[in-house]
Amino acid sequence: MMPHLKPVEKIELSEKHIGWRIAFFILFLVIAASAFASCVGTFFSVEPGWHEIEADSAGETNCGSEFVFMYYLGGSGVDATAENKALKIVYTDACEMAHKLFHNKEMFEGVNNVYYINQHPNEVIEVDRGLYQAFEVLKQYDNRNIYMAPVYSQYDEIFYCEDDSQLVNYDPRLSENVAAEYIQIADFANNPEMVDIKLLGDNKLQLYVSEEYLAYAKENYITDFIDFFWMKNAFVVDYLAETMIENGYTHGTLTSYDGFSRTLDTSENSYSFNIYDCVDLTIYQAGVMQYKGANSLVYFRDYMMSDMDRRHYYVLSSGEVRTSYVDVTDGFSKEATDSFYVYSKDMSCAEILMQAVNVYVAEELSEEAVAELKKAGIYSIYCEDSTIKYNEPGLVLADVLENERIKYITELIQ
């Protein structure tokens, strides 16, 4: 049997000292609110040290998902929590702008980006300084890769093929007709009289396209004349890095998923970068490169390391690979070796890339070409027959792999 419960009685409050009661009640609320605010503040506070800074995905679409930004908060002597908040705003804004500037498929209000330029050939266009500087670097090194845009759009189709039988429509190694088409486009791409970005100063430029090429494009349903394609993040990481530096944030590193890295720190703090090697479809961490201070690094590879890589790689059932490293002379994808690291303390990622691209996008790795890069101030690391080869005197390679399956050694080359 359930116990009998007394009915709830009405509770009367004394009206004596009602003012004090109200005052104490208000004081209780203030104390409770302060305690709650303190708890919330503690929950959202950030301790000094290394943290990953993420772009705010709640805002406009940005390129933050393609980068890892590690930063030592509080390293400059300011409050780590305040620095984290301010840094995240600057980084998010930079990621949003970079996404818009280099986008080749979508137009954004108030931004004359790569897509906009493609839609307005032979017109004078004013662009953001960041995009203009990217074209300046291309022009400085006489790099014509961006003009292979029509071929790049075909490689996009390769990377989204579901089986090998679909490649024949896009792969020049499997179709003579496709190979001939790519060579014809390469002829246009390598001829400034057919297509060229003309830099006019004051951030103004013109995508010049000849009448002959316009007619060919119309006949072959070509809409893109320029595209940064796989090179894009070299320019984006430089844009992000320079934005951080201009705003006084130098205690960190920016690394893209596809192999472009900038260390912003000009001090003598120590940093490291993993060196990978692919042997018989198995990826090994062969060693760890250690360095100090600011550094720019470009990492070429002919294998996938994450799901995001599917936009740049296709592996055939035979084990052959097609990559986005397209040779500007003939439209074939080429990789000189499995992994190739090039770096410099004095150059940006884009500047390194401009000088190293033809060394890697080749049938084989040339020791002479690697030596020429060194003369230009660009050092190299690559693996060959379980040997980590490098050409920077004094470079420290730590944690060199040795196990029951494979043993690596190091070799300083000239």
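Residues numbered from 1 in each chain as written. Predicted model: local features only at pLDDT ≥ 70, side-chain atom pairs only at ≥ 80, totals over all residues. Heavy atoms only, no water.

**Side note on the overall build of the chain**
On a plain count of helices and strands, the chain comes out with 10 helices and 17 strands. Expressed as a percentage of the 414 residues in the chain, the buried residues total 48%. Partitioning the intrachain contacts of the chain with sequence separation of at least 6 by distance along the chain shows that 63% fall at a separation of at least 24. (Helix = DSSP H or I, 4+ residues; strand = E, 2+ residues; numbered from the N terminus. Buried < 20%, exposed > 50% of the residue type's maximum accessible area, 1.4 Å probe, protein only. Contact = heavy atoms within 4.5 Å.)

**Here's the deal with the sheet that holds strand β4 (residues 195-201)**
Spatial strand order, β3-β5-β4: 3 strands in an open sheet with antiparallel pairing. Whereas interior strands pair on both sides, the edge strands pair on one side only; in this sheet they are β3 (124-126) and β4. In this sheet, adjacent strand axes meet at a mean angle of 30° when their direction is disregarded. (Pairing = 2+ DSSP bridges. Axes fitted to C-alpha atoms, helices over the stretch in contact; angles between N-to-C directions.)

**Side note on the sheet that holds strand β8 (residues 270-279)**
Taken together, the 3 strands give an open sheet; going across it, the order is β8-β9-β16, and neighbouring strands pair in antiparallel fashion. The open sheet terminates on both sides in strands that have one partner only, identified here as β8 and β16 (396-398). Adjacent strand axes in the sheet meet at a mean angle of 30° when their direction is disregarded. Taken together, the 3 bridges between strand β9 (residues 282-292) and β16 define a ladder with antiparallel strand orientation. Residue pairing across strands places Val288 opposite Ala398, the latter belonging to β16.

**Quick look at the packing of aromatic side chains**
Note on aromatic pairs: each is described by the distance of the centres and the angle between the planes. Here the structure, examined in full by the defined rule, presents 27 aromatic pairs. An angle of 80° between the planes, with centres 6.2 Å apart, marks the rings of Tyr71 and Tyr249 as edge-to-face. Separated by 178 residues along the polypeptide, Tyr71 in strand β2 (residues 67-73) and Tyr249 in the loop between α8 (232-246) and β6 (252-256) bring together distant segments of the chain. Given a relative accessible area of 0%, Tyr71 falls into the buried group. Overall, Tyr249 belongs to the buried group, its relative accessible area being 12%. (Phe/Tyr/Trp six-rings, centres within 6.5 Å; stacked < 30°, edge-to-face > 60°.)

**Describing the confidence of the model for the chain**
Here the chain averages 90 in pLDDT, while 89% of its residues score no lower than 70. Low pLDDT, under 50, characterises residues 1-43; the predicted model gives this stretch 2 contacts beyond four residues in sequence or across chains. (pLDDT = per-residue confidence, 0-100.)

**What about the pattern of salt bridges?**
In this structure the tally under the stated criterion is 17 salt bridges. The partner of Glu66 in a salt bridge is Arg311, and the shortest N-O contact between them spans 3.3 Å. Of this pair, Glu66 sits in the loop between β1 (49-53) and β2 while Arg311 is found in the loop between β10 (295-301) and β11 (313-315), placing the two residues 245 residues apart along the sequence. Under the relative-accessibility criterion, Glu66 is labelled buried at 11%. One salt bridge in this structure joins Asp196 and Lys139, with 3.2 Å as the shortest N-O distance. Of the two residues, Asp196 sits in strand β4 while Lys139 sits in helix α4 (residues 129-140), which places them 57 residues apart along the sequence. The class of Lys139 is partly exposed, set by a relative accessible area of 38%. Via salt bridges that share partners, Asp327, Asp330, Lys334 and Glu363 belong to a single interconnected network. (Salt bridge = Lys/Arg side-chain N within 4 Å of Asp/Glu carboxyl O.)

**Focus on the environment of Tyr216**
Tracing the backbone shows Tyr216 in helix α7 (residues 211-219). When the C-alpha atoms of Tyr216 and Phe188 are compared, they prove to be 9.9 Å apart, with 28 residues separating the residues in sequence. Beyond its immediate sequence surroundings of up to four residues, Tyr216 is in contact with Glu181, Gln184, Ile185, Phe188 and Ile222.

**Focus on the pairing of β9**
The pairing of β8 with β9 spans 10 bridges and is antiparallel. Bridge pairing in β9 links Asp277 to Tyr284. Counting the residues between successive antiparallel strands, the hairpin from β8 to β9 contains 2 residues, one of them, Asp280, with a positive phi of roughly 50°.

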